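# Observations on chain architecture
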Amino acid sequence: MGLNELWFLLIAVLFVGFFFLEGFDFGVGISTRFLAKNDLERRIMINTIGPFWDANEVWLLTGGGAIFAAFPHWYATMFSGYYVPFVFVLLALIGRGVAFEFRGKVQSARWTKTWDYVVFFGSLLPPFLFGVLFTSILRGMPIDADMNMYAGFTDFVNLYSITGGVTVTILCFLHGLSFLTLRTVGDLQNRSRALAKKVVWLALAALVAFVGLSYDQTDIFTARASVTVPMIGAIVIAYVLAALFLTKKRDGLAFVSSGAGIILTVSVIFASLFPRVMISSLSSAYDLTVYNAASGPYSLKVMTIVAVTLLPFVIGYQIWSYYVFRKRVDGKDLTY
Amino acid sequence: MDELFLARLQFGSTTIFHFLFVPLSIGLVFLVALMETHYVLKGDERYKKLAKFWGHLFLINFAVGVVTGIIQEFQFGMNWSDYSRFVGDVFGAPLAIEALLAFFMESTFIGLWIFGWDRLSPKVHLACIWLVSLGTMMSALWILAANSFMQEPVGFVMNNGRAEMNDFFALLTNPQLAVEFPHVIFGALATGAFFIGGVSAFKILKGQEVDLFKKSFNLAMTVALISGLAIAFSGHAQAKHLMESQPMKMAASEALWEDSGDPAAWTAFAWIDSENQENSFEINIPFALSYLAYEKFQGDVPGMKTLQAEYEATYGEGNYIPPVKTTFWSFRIMVGAGMVMIFASLLGLYFSYRETLAQQKWFLRAMVALISFPFIANSAGWIMTEVGRQPWTVFGLMTTSASISPNVSTASLLLSLIAFSGAYLILAIVLVYLFIREIKKGVEHHEAAPDQKAGDPFDQEVYL
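Residues numbered from 1 in each chain as written. Chains lettered and ligands numbered in written order. Predicted model: local features only at pLDDT ≥ 70, side-chain atom pairs only at ≥ 80, totals over all residues.

### Structural notes on the overall build of chain A
- When its secondary structure is counted, chain A shows 12 helices and two strands.
- In chain A, the succession of α and β elements from N to C terminus is α-α-α-α-α-α-α-α-α-α-α-β-β-α.
- In terms of C-alpha radius of gyration, chain A reaches 20 Å, essentially the compact-globule figure of 20 Å for 336 residues.
- Overall size of chain A, expressed as C-alpha extent along the three principal axes, is 60 × 40 × 35 Å.
- Burial status across chain A gives 59% buried among its 336 residues. (Helix = DSSP H or I, 4+ residues; strand = E, 2+ residues; numbered from the N terminus. Rg over C-alpha atoms; globule rule 2.2 N^0.38 Å. Buried ≥ 20, exposed ≤ 12 C-beta atoms within 10 Å, placed from the backbone.)

This is how it looks when you write it as structure tokens:
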């Protein structure tokens, strides 16, 4: 494996990490609308991700930075091509980030309610838009010989991309619910599990629709079938297992299954893309690949040394922070 | 309206807005860490209370700094895709390292710090805030390494029409970075110090928790004075370096159309006529520019017309003179504000030493107004640096007009400009509102009795 392939893998790992970690943050944010009966419950729910969400979001920023450093053309084509979707992603992330900080600052029902809506939409919009983004990349976008993408409305918004967006959103929703079953107690925990049991079927239905459309719209089954087909099978198994574990109240295993589902889903997308990073719908000659979009070998070597040195520390102290806050949030704990 | 104008307007305004919060965060977290250190080492509970109070203000500010920073990470690609293609090989690395090294550290340890008061031992908790402080400074180091490349490209070769990195350590030992980094960091510490100094002055003026706020005032003014002097020295080093790296920026910041002659006088005030390339009125201080540029009272400084001819010979036809009035006046605003800050911190320490601070009502009022000065100086400094580099994005390699995304339409740009401006306006209003509320509440409020927190996991102590 050369450095170009390694960096594709590293970026895939960063996005897998982002969707696994920030996936449950988004899911918890979405759940606040469906699960919380009152302000206290909403606070408990937000509190479950309180110490973590900011660091989880950094996986996205690092993914973006890594794309810039390792594949400048990918960075340039994707961010300029998806200009308007990214404006909305950014607005959502801006709102959500400050809403966590601001919502409890003023003791007024209207104030809190306003920021709660920002938390909800700020958690709902990004997974949806990222789903749209990745599915449309998979399908191919109008990228010309100069690597510039000139896309129209229907390139962004079509049945396939919307299905992809909805699927990713539901997967995050489920992931958040199963995270809540691990981090809360009593009634809230039971209701999280009960809702998760329903949402898991929704997730499976969405996945079936998404995979079916992918068969029609992309080369996901032909480009690297020996890898992607077993993975797609594994995704379905993961969510069936999640449903089973939720029924048996094995919350830890349910969370692991839902996490495995997300990890596999993101991995399938990257596996079927490789070695392309952006697919051109105009001509396969205009595809951006890990070779023609990459930085020079020197840059890649430097970045590899830096990443290999730093990543273990980053993962180490993030795990430590989860260990420090391993206790469930019950609303009676004075230290919380 | 043309796309280049809109893209520049958006980048300039979002960056200036972002950089209101960044230096305040860097400064505040450093001072909070000092306060907590005092508490942990000496066991003085008052410093714990102070660390929490200033910590609350820091966290509000940090949240806004973080979210406005997300845009920064993406908008090179969104608005400046041709720039990103051209320099990504060199420029992307420091950005990725910034995220990997600094953002992860800041965000993880800030979570541990906020939620960990009762879960971690005092020493581990203290280590967390110092790691956040270290993270903010590392973040500054890497983003400034990237910016220094734009001012003074080093460590690269041209290959297939792109700049490719060939010496990573040259990026880190860029002489521009050596003068720019200390200048920015001490500017940030001064920003935090003047914020704490000004708010403390306000509370002392109101007669609220005077003893506590005198402590934070003293600490702030000590940091302010040290930083102020360090800013002046590193700023001077930067000016001297500018003579070698970007003499055109130097000439523009002095509104020097013709060569200065030897020795060079420093222009304190000029009525600039950019169209006719002359100044109709000037107030000059003899010898001063020679000193600024060379640290001696002799030496000729080349004027813009000479440099324009030189650049045309090197880079081909074009206008290489940046907007002169903006560069000239932003430099003077920055230097003026910096001088006032040094003077004010000296005076503040003097009054503290004589223990007459609480009686100096006029001075305390002035300190409240002076909260704005570091923000003005920071913004003016960056305007001078970035506008003075025009027409280049990467000096000598790529022009701003060649950097833009060719596929982003005017309509998209208008949408993003309106959306971001609207969001930032709301953020600014809410931030100021919350600052005022927190400041009015004072220190002791945050030490609310534990029973009030019972059953409410998201109350004061926890998520702030």
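Past the structure itself, the notes keep going.
### Observations concerning the interface of chain B and chain A
- Taken together, the contacts link 66 residues of chain B with 67 residues of chain A.
- Mapped by element, the contributors of at least two residues to the side of chain B that touches chain A are α2 (45-79), α3 (81-115), β2 (162-165) and α14 (410-441) of chain B.
- Per-element accounting of the side of chain B that touches chain A gives the leading share, 23 residues, to α3(B).
- Residue composition of the side of chain B that touches chain A, by class: 40 nonpolar, 16 polar and 10 charged. (Contact = placed C-beta atoms within 7 Å. Nonpolar A, V, L, I, M, F, W, Y, C, P; charged D, E, K, R; others polar.)

### Let's talk about the pairing of strand β4 (residues 278-285) of chain B
Residues and elements named next belong to chain B.
- The buried fraction of β4 is low, at zero of eight residues.
- Direction of pairing for strand β3 (residues 266-273) relative to β4: antiparallel, over a ladder of seven bridges. The residue bridging Trp-266 from the neighbouring strand is Ile-285, located in β4. (Pairing = 2+ DSSP bridges.)

### A look at the domain arrangement of chain B
All names here are of chain B.
- Here chain B is partitioned into domain 1 (3-246 + 323-453) and domain 2 (253-316).
- A straight line from the C-alpha centre of domain 1 to that of domain 2 covers 31 Å.
- Between domain 1 and domain 2, the contact holds 11 residues from the first and nine residues from the second.
- At the level of elements, α7 (210-245) and α11 (324-353) are the ones that each hand at least two residues to the side of domain 1 that touches domain 2. (Domains from an automatic or database assignment.)

### So, the nonpolar core
- Counting residues in hydrophobic clusters, the biggest one holds 262 residues, and the most contacted among them are Ala70(A), Leu90(A), Leu31(B), Val32(B), Trp54(B) and Ala96(B).
- Among the elements that make up this core, the one with the highest residue count is α3(B) (22 residues).
- Residue-level mapping places this core at the junction of two domains, with at least three residues from each of domain 1 (3-246 + 323-453) and domain 2 (253-316) of chain B.
- With near-sequence residues (within four places) excluded, Leu90(A) lies in contact with Ile70(B), Ile71(B) and Phe74(B). (Core = buried A, V, L, I, M, F, W, Y, C linked by C-beta atoms within 7 Å.)

### Overview of the environment of Met303(A)
- Among the structural elements, Met303(A) can be located in helix α12 (residues 297-324).
- For the pair Met303(A) and Ala70(A), spaced 233 residues apart in the sequence, the C-alpha separation amounts to 7.9 Å.
- In contact with Met303(A), not counting residues within four places along its chain, are Ala69(A), Ala70(A), Ala93(B) and Ala96(B).

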